[in-house]
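Understanding the architecture of this molecule
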Amino acid sequence: MPTVSVKRDLLFEALGQKYTDEEFDELCFEFGLELDEITSEKEILSREQGDEKAAGASDVVLYKIDVPANRYDLLCLEGLVRGLQVFKEKLEAPRYKRVSPADGGEPQRLVITEETASVRPHAVAAVLRNISFTQERYESFIELQEKLHQNICRKRTLVAIGTHDLDTISGPFTYTAKPPGDIRFKPLNQSKEYTAAELMSHYKTDSHLRHYLHIIENEPLYPIIYDSNGIVLSMPPIINGDHSKISLNTKNIFIECTATDLTKAKITLDMIVTMFSEYCDEPFTVEEAEVVYPDGRLCVYPELAYRTETLSGDFINKRVGINESAESIAQLLTRMCLRSEVSGEGDLIQVEIPPMRADVIHACDIMEDAAIAHGFNNIVRSTPRTYTVANQLPLNKLTELLRQDLAAAGFTEALTFALCSQEDIADKLRKNIVETRAVHISNPKTAEFQVVRTSLLPGLLKTLAANRKMPLPLKLFEISDVVLKDETKDVGARNNRRLCAVYYNKSPGFEVIHGLLDRVMQLLDVKPGRNQGYHIQAAEDSTFFPGRCAEIFSCGKSIGHLGVLHPDVISRFELTMPCSAIDIDIEPFL
Amino acid sequence: MADTGLLESLLRLLEKVDGGTDSQDVAADLGVDHQVIVGAVKSLQALGEVISTEQKSSKHWELTGEGREIAEQGSHEARVFNAIPDEGLPQNELMKMPSGKVGFSKAMSNKWIRLDKAHEGGPRVFKTVETIEDTVRDKLQLVQKGQSAKLEDKEKNELKKRKLLSEVTVKSYWITKGSSFSTTITKQETELTPEMIASGSWKEKNFKPYNFEAMGVAPDCGHLHPLMKVRTQFRQIFLEMGFTEMPTNNFIESSFWNFDSLFQPQQHPARDQHDTFFISDPALAHEFPQDYMERVKKVHSEGGYGSQGYKYDWKIEEAQKNLLRTHTTAVSARMLYKLAQQKFTPVKYFSIDRVFRNETLDATHLAEFHQIEGVVADYGLTLGNLMGVLHQFFTKLGLKKWVEVGNSGVFRPEMLLPMGLPEGVSVIAWGLSLERPTMIKYGINNIRELVGHKVNLQMVYDSPICRLDS
């Protein structure tokens, strides 16, 4: 959930009203937002870097507001104010208009060459004409781009935004891709020219830009946008050129968004222009730009598309669980910037979804907005009439019953991790990793998460090791899942519910563990015996001490082992006393 | 047990004094060694409230063996002096005396005697003064009479250095009458025996009182893990509410069921390597319901079912990637798909099982934790129903603020309709972690103290039963 930080006084000025912190918190809640924190730059700096660093910082009050992840229209002061004013019915939602150049001239044009196909094939563009910046508006404009980059643009991988002072460049513009050695320009806020290759190594240490280098680093061709005089506008998604940079005095802005995802590029462009066209001489109008694709196709942007959905008042009432007239529902939706009218046919409502509400993709999103505007606290809680009979999962039912009785038998339950190192399930148990049939994790951050356990034993032995200071004997058990590769399953692996127990003392206590087996079998109502019952039979297993291991059979089927652990296993788990263990599969007893 | 006679003598003595007496004085009065009295006090203590005692310790000075000898016979130097006649004594003869060596040098340094080395017939010792004052002996005699206070510390330390005095600590009791004081002793029995029951002799016996302040002996038993005890309670709550348990015993899941089927777009940050554990072996899932997968692809890339969709290039390669499930909702998706393949009947499902996140670890986050999930599918469920069910669930937990530890919502039509569920069916769901409420319940701040092999077993041994609603 993104957090938007706005200056309180600026916010109140824009809202035309002052609120107490509590009143504003309440307003946020009603609008489906959360006032997360009230702070200042000084406070933030002092918290993060100490009072000294914070000494000169501003103590202007900041509101930090949590915004739902897909509400890109609320990521800046302008959008937030507009949303709240419409919600409070102090303002009618503006209509955003795409217009042709005023003087009847040609629209700006961005030509995409086919070289971009391999790296970043999409681009959209638009122009904001005769904009008036102030320091605050300018900062908000920059900040919105950053917020969009972090959210919908997925850290610039999907979309990268470039904004330029149109009066410093001349179209038509070319969006192409070139080998890094062939690109040379003066990047934003640098004093000299670099080749693209030099830039990439220059930015390796840049705290901000280094996070984006990987997006094109290994590409043979880098995306690049030129104007008709060969001036570099930007090298997306890394950096703009210095030549076309915008300032407080910029009047006309050329906006380009390059992308790997065209839909997201269109939304991003719509967001920027809907938010900031407010400051144009003719508010809420955006000058169109043409984008020419390599195949000659010509598209005009921004789309600024309005879409109408028709739904019934009954639909909203039934989904939310309220009983409102179609008219009042239409009013609720209009307050959420979804201009709505009752169409006159029954209780049908025409809902217009504006371009900056890209998050509304289904009638259920409209239903949610109606619920927010109605107020969640005004919805009456009710019990569903759904009649069902509960069932336990037989495997879990068996597990629950056995756990109780294992504790009653004097063993204490451990709870160990399902993820572990290869060493834990192989070397330390004197097993070969290949024979374990273990599932391997491709991106573990540490060795503790290399594999999913194939045995509960390592976890129990590690628990013993961490509790060596406790009085002896230590008797532990766990009933939980291990995971084994299994080609018969759709994902190629399956869980297996196992019961494992250990006895740790000055003498191995094989008879104790053997007694536990007898008790478990008694609980499972399996009698000792070779055919229909259970029996144990001497076996060799590298985890166990030679001659001190037996395989356990139930109804003729092998279900596990018990025995005295091999001294090497004991040492490798940093234990010092003899230890006996039992490990069985309990799924055959379902 | 000290002999009864002594005990009763002690008690009679105590009877006569007001305000109590010191065990050392008792020893002196009765003319027995102090240690014998200490034994008697301990025996009386064991009889209950006959006497009450307060332990005291005092220090005093005592003569050593050598010190006692000097107090009796004089210091070595005095003995040497007295042994010398007026005509003197050959040095070698003097040295043969028991006190010779020490006494000679001390008497020399006191200038009581002199040595004539040039005397004919060998070196000879003569007195230099007529009389002497044996201060060492005097001082020791003072200590012997219990008047060590008359000596200065410096003097006492000097004598201690000469190993003539030693400082000893004496532990004694200040004895006063107890609440059930009596001058006669009755022997008390410690425990009831089968013989006493058989013979009826218990009726005449006095029993030693129990110390009810002491802890009992811990029973020899096993213990259930606190997190699993809480899991049992949550299971119980769901079962009481009529929810059926889902089979969540499949930690390995495909991206398809974990993300795509839930209408989670393929570029979603949760599908990043930084958040999810992907599997290298077996890397890919190889079997999907083909028709359903096509419908999922379509709703993502083109929309449908009343949705605009996400309009991106959906790739099966992404959906095939195996991972460690990041939520049990992957299982809910499988269950709802299965449900959609039959004639629809309403269901209520729950699960509590492990999920995995490749996240940054801290005091409250581990790479694996347990997710609790509840799902209701029926025709015409409302947001009001969701709020109603949540209210009932959290009321059973006993704490309303626990709503904050979870998430809830209505599953999107883009998820449900491709599965084949009927149009009017709504599915409401909520989830929370098992660890968080357990940490609150047991007052644990670091999750590592609750789960994993590093937990202190004493914590497991000591944890109370779990009743969530109290």
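Given the structure is predicted, the values throughout are model-derived calculations rather than measurements.

Definitions and cut-offs
Residues numbered from 1 in each chain as written. Chains lettered and ligands numbered in written order. Predicted model: local features only at pLDDT ≥ 70, side-chain atom pairs only at ≥ 80, totals over all residues. Heavy atoms only, no water. Helix = DSSP H or I, 4+ residues; strand = E, 2+ residues; numbered from the N terminus. Rg over C-alpha atoms; globule rule 2.2 N^0.38 Å. Buried < 20%, exposed > 50% of the residue type's maximum accessible area, 1.4 Å probe, protein only. Contact = heavy atoms within 4.5 Å. Areas by Shrake-Rupley, 256 points an atom, 1.4 Å probe, with all protein chains shown as cover. Buried area = accessible area lost by both parts, 1.4 Å probe. Salt bridge = Lys/Arg side-chain N within 4 Å of Asp/Glu carboxyl O. Polar contact = N/O pair within 3.5 Å; in protein donor to acceptor, adjacent residues only side chain to side chain. Nonpolar A, V, L, I, M, F, W, Y, C, P; charged D, E, K, R; others polar. Pairing = 2+ DSSP bridges. 1 Å grid on protein atoms, 1.4 Å probe; cavity = no way out; pocket = protein on both sides within 12 Å on 5 of 7 lines; lining within 4 Å. Points joined across faces, edges and corners; volume = space filled by probe spheres on them. Domains from an automatic or database assignment. Axes fitted to C-alpha atoms, helices over the stretch in contact; angles between N-to-C directions. Patch = residues over 30% accessible without salt bridge, like charges linked within 9 Å, V, L, I, M, F, W, Y side chains within 5 Å. Disulfide = S-S within 2.5 Å. Parallel < 35°, antiparallel > 145°, perpendicular 65-115°, else oblique. Left-handed = near helix turned anticlockwise from the far one by under 90°. UniProt positions renumbered as here; feature names shortened; annotations may be inferred.

So, the overall build of chain A
In terms of regular secondary structure, chain A is built from 16 helices and 30 strands. Computed over the C-alpha atoms, the radius of gyration of chain A is 33 Å, more than 25% above the 25 Å expected from 2.2 N^0.38 for a compact globule of 590 residues. The 590 residues of chain A split such that 55% are buried. Expressed as a percentage of contacts within chain A between residues at least 6 apart in sequence, the contacts between residues at least 24 apart total 69%. Counting only carbon and sulfur atoms, one obtains 48% of the accessible surface of chain A, whose full area is about 25,300 Å².

Side note on the interface of chain B and chain A
Each side of the interface is counted separately: chain B has 95 residues, and chain A has 82 residues. Of the roughly 7,100 Å² buried at the junction of chain B and chain A (both faces included), carbon and sulfur atoms supply 55%. The largest contributions to the chain B side of the interface with chain A come from Leu-224, His-453 and Leu-457 of chain B, which together make up 10% of the buried area. Counting across the chain B and chain A interface gives five salt bridges. At the junction of chain B with chain A, the criterion picks out 49 residue pairs in polar contact (both at pLDDT 80 or more). If you tally residues by element for the side of chain B that touches chain A, the top one is helix H16 (residues 383-397) of chain B, at eight residues. Grouping the amino acids of the side of chain B that touches chain A by side-chain chemistry returns 41 nonpolar, 36 polar and 18 charged. The pairing of strand E23 (residues 440-441) of chain A with strand E11 (residues 279-281) of chain B spans two bridges and is classified as antiparallel. Counterpart to His-440 of chain A in the pairing with E11 of chain B is Asp-281 of chain B.

Quick look at the layout of surface pockets
All names here are of chain A. Quantified by volume, the second largest pocket comes out at close to 750 Å³. Around the second largest pocket, the lining is made up of 32 residues, and of these Leu-10, Leu-77, Glu-78, Glu-136 and Ser-140 lie nearest the centre. Sorting the residues of the lining of the second largest pocket by element identifies strand E1 (3-7), helix H1 (8-15), helix H3 (41-49), strand E3 (61-66), helix H5 (77-87) and helix H6 (135-150) as the ones contributing at least two each. Element by element, the count of residues in the lining of the second largest pocket is highest for H6, at seven residues. Among the residues forming the lining of the second largest pocket, the class breakdown is 15 nonpolar, five polar and twelve charged. Looking at the lining of the second largest pocket, you find at least three residues from each of domain 1 (3-72) and domain 2 (97-301).

Re the sheet that holds strand E25 (residues 474-485) of chain A
Overall, mixed pairing links the seven strands, which are arranged E21-E25-E26-E30-E29-E28-E27 (chain A) in an open sheet. In this open sheet, the two edge strands, each paired with only one partner strand, are strand E21 (412-413) and strand E27 (534-538) of chain A.

With respect to the sheet that holds E3 of chain A
All names here are of chain A. Taken in spatial order, the three strands of this open sheet run E1-E3-E2, and their pairing is antiparallel. Of all the strands in the sheet, the pair left with one neighbour each is E1 and strand E2 (34-40). Neighbouring strand axes in the sheet, compared pairwise and without regard to direction, differ in orientation by 25° on average. Bridge count for E1 against E3 is five bridges, and the pairing is antiparallel. Looking at E3, one finds that Lys-7 is bridged to Leu-62. Sheet strands in contact with H1 are E1 and E3, and its direction is about 80° off that of E1.

Focus on the domain arrangement of chain B
When the parts of a complex come together, some accessible area is lost, and that lost area is often used as the size of the interface. Assigned domains within chain B: domain 1 (1-75 + 134-216) and domain 2 (226-462). Of note, the centres of domain 1 of chain B and domain 2 of chain B, computed from C-alpha atoms alone, are 74 Å apart.

Digging into a nonpolar patch on the surface
All names here are of chain B. Together, Leu-192, Ile-197 and Trp-202 make up an exposed nonpolar region whose accessible area comes to about 320 Å². Tracing the chain through its elements places Ile-197 in helix H10 (residues 194-199). On the basis of relative accessible area, Ile-197 is assigned to the exposed category, the value being 54%.

Examining empty space enclosed by the protein
With the rule as written, the count across this model stands at six cavities of 30 Å³ or more. As for the largest cavity, its lining consists of 21 residues, and the residues nearest its centre are Ile-479, Ser-480 and Arg-497 of chain A together with Arg-231 and Asp-353 of chain B. Elements supplying a minimum of two residues to the lining of the largest cavity: helix H12 (394-408) and E25 of chain A together with helix H11 (226-240) and strand E13 (347-356) of chain B. Looking at the lining of the largest cavity residue by residue, the class counts come to six nonpolar, four polar and eleven charged.

What to know about the pairing of strand E26 (residues 493-504) of chain A
Residue and element names in this part refer to chain A. E26 sits mainly inside the fold: eleven of its twelve residues count as buried. Alignment of E26 against strand E30 (residues 579-585), held across seven bridges, turns out to be antiparallel. The partner of Arg-498 across the bridge, within E30, is Asp-585.

Comments concerning the state of the cysteines
Residue and element names in this part refer to chain A. The full count for this structure, using the stated rule, is zero disulfides over all chains. Unpaired in terms of disulfides, Cys-76 finds its nearest cysteine sulfur in Cys-337, a separation of 13 Å. Just so you know, Cys-153 is unpaired, no disulfide at all, and the nearest cysteine sulfur is the one on Cys-257, 7.0 Å from it. For Cys-153, a relative accessible area of 0% corresponds to the buried category.

Thoughts on the packing of helix H4 (residues 65-73) of chain B against helix H8 (residues 135-144) of chain B
Residue and element names in this part refer to chain B. At a closest axis distance of 8 Å, the pairing of H4 and H8 adopts a crossing angle of 110°. The pairing of H4 with H8 is recorded here as roughly perpendicular in orientation. Both H4 and H8 take part in a crossing whose hand is left-handed. Facing H4, whose interface residues are Gly-67, Arg-68, Ile-70, Ala-71, Glu-72 and Gln-73, H8 presents Val-136, Arg-137, Leu-140, Gln-141 and Gln-144. Of the residues that constitute the contact of H4 with H8, the class distribution is four nonpolar, four polar and three charged.

Concerning the UniProt feature "domain: B5" (unreviewed entry) in chain A
Residues given the UniProt feature "domain: B5" (unreviewed entry) here are residues 304-381 of chain A. Secondary structure content for residues 304-381 of chain A is 38% helix and 19% strand, while the C-alpha to C-alpha distance between its ends is 39 Å.

Some remarks on the pattern of salt bridges
By the definition in use, this model includes 53 salt bridges over all chains. The salt bridge involving Arg-231 of chain B is made with Glu-400 of chain A; its shortest N-O contact spans 3.5 Å. Placement of the pair is Arg-231 of chain B in helix H11 and Glu-400 of chain A in helix H12, with the two residues belonging to separate chains. You can call Arg-231 of chain B buried: its relative accessible area is 15%. Ionic pairing is found between Asp-86 of chain B and Lys-127 of chain B, a salt bridge with its closest N-O pair at 3.9 Å. With a gap of 41 residues between them, Asp-86 of chain B in the loop between helix H5 (76-83) and strand E3 (89-90) and Lys-127 of chain B in strand E5 (residues 124-127) connect regions that are remote in the sequence. Assessed through its relative accessible area of 27%, Lys-127 of chain B is described here as partly exposed. Within this structure, Glu-400, Arg-403 and Glu-413 of chain A together with Arg-231 of chain B form a network of salt bridges that share partners.

Examining the side chain of Ser-332 of chain B
Residue and element names in this part refer to chain B. Following the sequence through the fold, Ser-332 ends up in helix H15 (residues 329-340). Given a relative accessible area of 1%, Ser-332 falls into the buried group. Reaching out from Ser-332, the side chain makes a polar contact with the side chain of Glu-373 at a distance of 2.7 Å. Once residues within four sequence positions are removed from consideration, Ser-332 is found in contact with Met-246, Glu-373 and Val-375.

Digging into the environment of Arg-8 of chain A
All names here are of chain A. Inspection of the secondary structure puts Arg-8 in helix H1. Residue classification places Arg-8 among the partly exposed positions, given a relative accessible area of 23%. The spacing of Arg-8 and Leu-62 is 54 residues in sequence and 5.4 Å in space, taken between C-alpha atoms. Setting aside residues no more than four positions away along its own chain, Arg-8 makes contact with Asp-21, Val-61, Leu-62 and Tyr-63.

Things to note about unusual backbone geometry
Gly-171 of chain A connects to Pro-172 of chain A through a cis peptide bond whose omega is -5°. Here Pro-172 of chain A is to be found in the loop between strand E7 (159-165) and strand E8 (173-178). In this chain, Asp-281 of chain B is followed by Pro-282 of chain B through a cis amide linkage whose omega measures 0°. Within the secondary structure, Pro-282 of chain B sits in the loop between E11 and helix H13 (290-301). Unlike most non-glycine residues, Asn-130 of chain A shows phi in positive territory, near 50°. Tracing the backbone through its elements, the reader meets Asn-130 of chain A in the loop between strand E6 (122-128) and H6. Although it is not a glycine, Asn-189 of chain A adopts a positive phi angle of roughly 60°.

Quick notes on the domain arrangement of chain A
You can read the domains of chain A as domain 1 (3-72), domain 2 (97-301), domain 3 (307-367) and domain 4 (394-589). Using only C-alpha atoms to locate each centre, domain 2 of chain A and domain 3 of chain A end up separated by 36 Å.

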